[in-house]
Amino acid sequence: PPAMSRRVVRQSKFRHVFGQPVKADQMYEDIRVSKVTCDSSFCAVNPKFVAIIVESGGGGAFIVLPLAKTGRVDKNHPLVTGHTAPVLDIDWCPHNDNVIASASEDTTVMVWQIPDYVPVRNITEPVVTLEGHSKRVSIISWHPTARNVLLSAGCDNLVILWNVGTGEMLLALDDMHTDLIYNVGWNRNGSLLVTTCKDKKVRVIDPRKQQVIAEKTKPHDGTRPIRAIFVADGKIFTTGFSKMSERQLGLWDLNNFEEPIALQEMDTSNGVLLPFYDADSSIVYLCGKGDSSIRYFEITDEAPYVHYLNTYSSKEPQRGMGFMPKRGLDVSKCEIARFFKLHERKCEPIVMTVPRKSDLFQDDLYPDTPGPEPALEADEWLSGKDAEPILISLRDGYVPVKNRELKVVKKNILDSKPPPGPRRSHSTCDSDFSQPALEEVLEEIRALKEMVQAQEKRISDLENKLCQFTNGTD
C-alpha cells in the first residue's frame, strides 16, 4: 500500500555526523587554563594558531601556539601579557590570521600582532589599546565583513564599536541594556546585532541607527543566563533555562518574536550552553561549560525546525571551547567542524566528520565559505553600506596567507599645539629641545626596535634549527 512508502526517517546528509578526539600526541598538553569564573569560551582558533586564556600571577595573559605545535608545551613558552588584570575573552580577526583582540578585567581591550615565528620573549606591546569602558570588559567580537571593526561589551552595560585601524571609538550603544550583558552576536553581513541581558531580554539592535529594532522578554522563563545567535535567514537561536531549571533551546523569527518557531527542553544540568553555528551546514553545536558532551542539531524549514542529530560524549568536562572557522578544516577527510576542548591542563581537538566512502572533494558538504578578505572598509560600513562576506572555494584546501601587518594610523598628537600658559617648573624637558631633534631620537628608537625584532627572529630561527639537531634531547 502507498502509505508504507512514506518516509519515516528524515533525509539529511548530516544525520550520521560523528565526533572523534584526536590521538594523544595531537593534543596540546601542560597548559594552565584560566580559572576565572566567566561564561566566555576561553579559547580562539584560526587556520594558523590556537589561543588560550591562561592563569597568570598578577596580570592577565593568554598563550598562542602555532596549530602544528602539538604535544607538551614548554613551561617557558612566551605568553601575551599586556593586561594588568585577568583576560576574559579573546577573538581572532576574521580578516587577518595574525591579529587577535583581548578583553580584560582591567577595563581595556588590546589588539595584538602575532608573528608567524615563535617569539623568544613574552609579547607585551599591543598594536593598539582601546579605552572606553569603565568596568571590566567580558565580550569582544570582530565585525564579520568590515575591515578593522571590533565590538566590545563590558560590565558597564555598554557596547562599543571601534575602528582598530585608527584606535577610535565609532559608536557607543548606551541606554540600551539595563543590566549585565551576557552575550553579543553579529548577523552574517554585520548589519545587525543580537544581545542577551540579565534583564531577561533578547534585543536585536541596528548599531548604526543605535536602535533596538525587536526585543523579546523572557524567551526562557528561568533566571539563569540566556545566549542568542543569528542563524540563517535572520532567525535567532537561543539557549536558556525553564522555570524548573531545565535547559532549553529556542528558535525565533524576528518578524514574529511573540511565539517561538521551536522550543525544546533538554536536561537539568546547570551549565550555560554555548552555541556554535555553522552556516554552511545549518548545524548548531551546543557545548555546556562543565559538561562533557557536545550536542548538535540541524536547523531546517520543516517541522520541528530544530532536528536533534547526535551527541558527542566523553568522560572529561570542558572548561572552554574553541571553534575552527570553515577554512581551517581538512576537506579531504570530510571534516565539517573542529572543536578545541579545554581541560584543566590541556587542549584537545575534537573532529566532526560526515562519513563518506569517496576520497573526492565533496562539494555538497563544502559550499563556498567566507574567506579572509573583508568586503568593506570601516568607514564604508559606518556610512551605511552593507556587504555579504567574500566567499572562497575549499576545493583545493585553504592555504593561510603570510603575516600581514596591522597598521594603526592614529591622529598625530604632536600636531595639536600645547596649551598656552606658564610652563611648569618641574618639567624635565629642556626648552631648546627642538622638533627635529625629537624626530631624530624617535627615528633612532624605531631603528633600534627593528634591529631587536630582527635579532629576536634570528635567535628564534637558530633555536628552532638547534632543536632539529638535538631532536628533543636536552
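Predicted model only: the values in this text are computed from it and were never measured.

A few words on a nonpolar patch on the surface. Together, V441, L442 and I445 make up a nonpolar patch on the protein surface, roughly 210 Å² of accessible area in all. The topology assignment puts I445 in helix α2 (residues 435-470).

Within the secondary structure, A153 is located in strand β13 (residues 149-154). For A153, a relative accessible area of 0% translates into the label buried. Linking A153 and I181, residues 28 residues apart in sequence, is a C-alpha distance of 7.2 Å.

Bringing the environment of I390 into the picture now. Following the sequence through the fold, I390 ends up in the loop between α1 (378-382) and β32 (391-392). Overall, the relative accessible area of 40% leaves I390 in the partly exposed class. I390 sits 245 residues away from T145 along the chain, and the two C-alpha atoms are 7.9 Å apart. Setting aside chain neighbours within four positions, we find I390 in contact with T369, P370, G371, E373, P374 and A375.

Once that is clear, we can look at unusual backbone geometry. Cis rather than trans, the peptide bond between A303 and P304 has omega equal to 0°. Inspection of the secondary structure puts P304 in the loop between β26 (293-299) and β27 (306-313). Positioned with a positive phi, T107 is a non-glycine residue whose angle comes to about 75°. As for its position among the elements, T107 is in the loop between β9 (99-104) and β10 (108-113).

With that settled, consider the pairing of strand β20 (residues 227-230). Along β20, one buried face is formed by R227 and I229 and the opposite face, lined by A228 and F230, is buried too. In this sheet, strand β21 (residues 236-241) lies alongside β20 in antiparallel orientation, the contact comprising four bridges. Bridge pairing in β21 places I229 opposite F237. Hairpin remark: β20 followed by β21, antiparallel, with five residues in the connecting loop; positive phi at D233, about 55°.

Turning to the UniProt feature "repeat: WD" (unreviewed entry) in the protein chain, a few remarks are in order. Mapped onto this numbering, the UniProt entry gives "repeat: WD" (unreviewed entry) at residues 80-114, 130-172 and 174-215. Split by type, residues 130-172 is 0% helix and 56% strand. Its first and last C-alpha atoms lie 13 Å apart. Taken end to end, residues 174-215 has its terminal C-alpha atoms 16 Å apart, with 0% of it in helix and 52% in strand.

In terms of burial, β13 is a largely internal element, six of the six residues being buried. Across the two faces of β13 the burial is the same, with V149, L151 and A153 and L150, S152 and G154 all buried. Sheet analysis places strand β12 (residues 137-142) next to β13, joined by five bridges and oriented antiparallel. Following the sheet pairing, W142 is matched in β13 by L150. Strand direction decides the pairing type here: β13 and strand β14 (residues 159-163), joined by five bridges, are antiparallel. Across the sheet, V149 pairs through a bridge with N163, a residue of β14.

Glancing now at the sheet that holds strand β17 (residues 193-197). With antiparallel pairing, four strands are arranged side by side in an open sheet as β16-β17-β18-β19. The open sheet has two edge strands, β16 (181-186) and β19 (211-217), and neither has a second partner. Neighbour-to-neighbour, the strand axes of this sheet turn through a mean angle of 20°, independent of strand direction. The pairing of strand β18 (residues 201-206) with β19 spans six bridges and is antiparallel. Following the sheet pairing, R203 is matched in β19 by E215.

The next point concerns the sheet that holds strand β7 (residues 80-83). Taken in spatial order, the four strands line up as β3-β4-β5-β7 in an open sheet, and their pairing is antiparallel. Across the chains shown, the open sheet's two edge strands, defined by having one partner strand only, are β3 (43-45) and β7. With direction set aside, neighbouring strand axes in the sheet form an average angle of 20°. Looking at chain direction, strand β4 (residues 49-54) and strand β5 (residues 60-66) are connected through six bridges and run antiparallel. By the bridge assignment, V54 is partnered in β5 with A61.

Another point: the packing of aromatic side chains. With the rule as written, the count across this model stands at 13 aromatic pairs. Here a set of aromatic residues connected by ring pairs shows up, and it is made of F276, Y285, Y296, F323 and F339. Residue placement shows R224 over the ring face of F241; its charged tip is 5.2 Å from the ring centre. Here the guanidinium or amino end of K289 rests over the ring plane of F42, the centre of that ring lying 3.7 Å away.

Definitions and limits used
- Here the residue numbering is sequential within each chain, running from 1 through the sequence in written order.
- Note on the predicted model: pLDDT of at least 70 is required for a residue's local features to be given, and 80 or more for side-chain atom pairs to be given and counted; whole-chain, interface and lining totals, by contrast, use all residues.
- Only heavy atoms go into the side-chain values, all of them from the structure, while hydrogens and water stay out.
- Each patch is built from residues that are more than 30% exposed by relative accessible area and take part in no salt bridge. Like charges join if they lie within 9 Å; nonpolar side chains (Val, Leu, Ile, Met, Phe, Trp, Tyr) join within 5 Å.
- To measure how exposed things are, a 1.4 Å probe is used in the Shrake-Rupley method; for residues, cover is taken only from the protein chains shown.
- Any carboxyl oxygen of Asp or Glu that lies within 4 Å of a side-chain nitrogen of Lys or Arg is treated as forming a salt bridge with it.
- Each helix is a run of DSSP H or I of at least 4 residues and each strand a run of E of at least 2, with the numbering of both proceeding from the N terminus.
- For every residue, the accessible area obtained with a 1.4 Å probe (protein chains only) is divided by the maximum for its type, and the residue is called buried under 20%, exposed over 50%, and partly exposed between those limits.
- We call two residues in contact when some of their heavy atoms are within 4.5 Å.
- Paired strands are those between which DSSP finds at least two bridges.
- UniProt positions are given in the numbering used here, feature names are shortened, and annotations may be inferred rather than shown by experiment.
- Only the contacting stretch of a helix is used when fitting its axis, a line to C-alpha atoms as for every element, and angles between N-to-C directions run 0 to 180 degrees.
- When the centres of two rings from Phe, Tyr and Trp lie within 6.5 Å, Trp using its six-membered ring, the rings pair. Their planes under 30 degrees apart give stacked, over 60 give edge-to-face, and anything left gives tilted.
- Whether a charge sits over a ring depends on NZ of Lys or CZ of Arg being within 6 Å of the ring centre and within 35 degrees of the ring normal.

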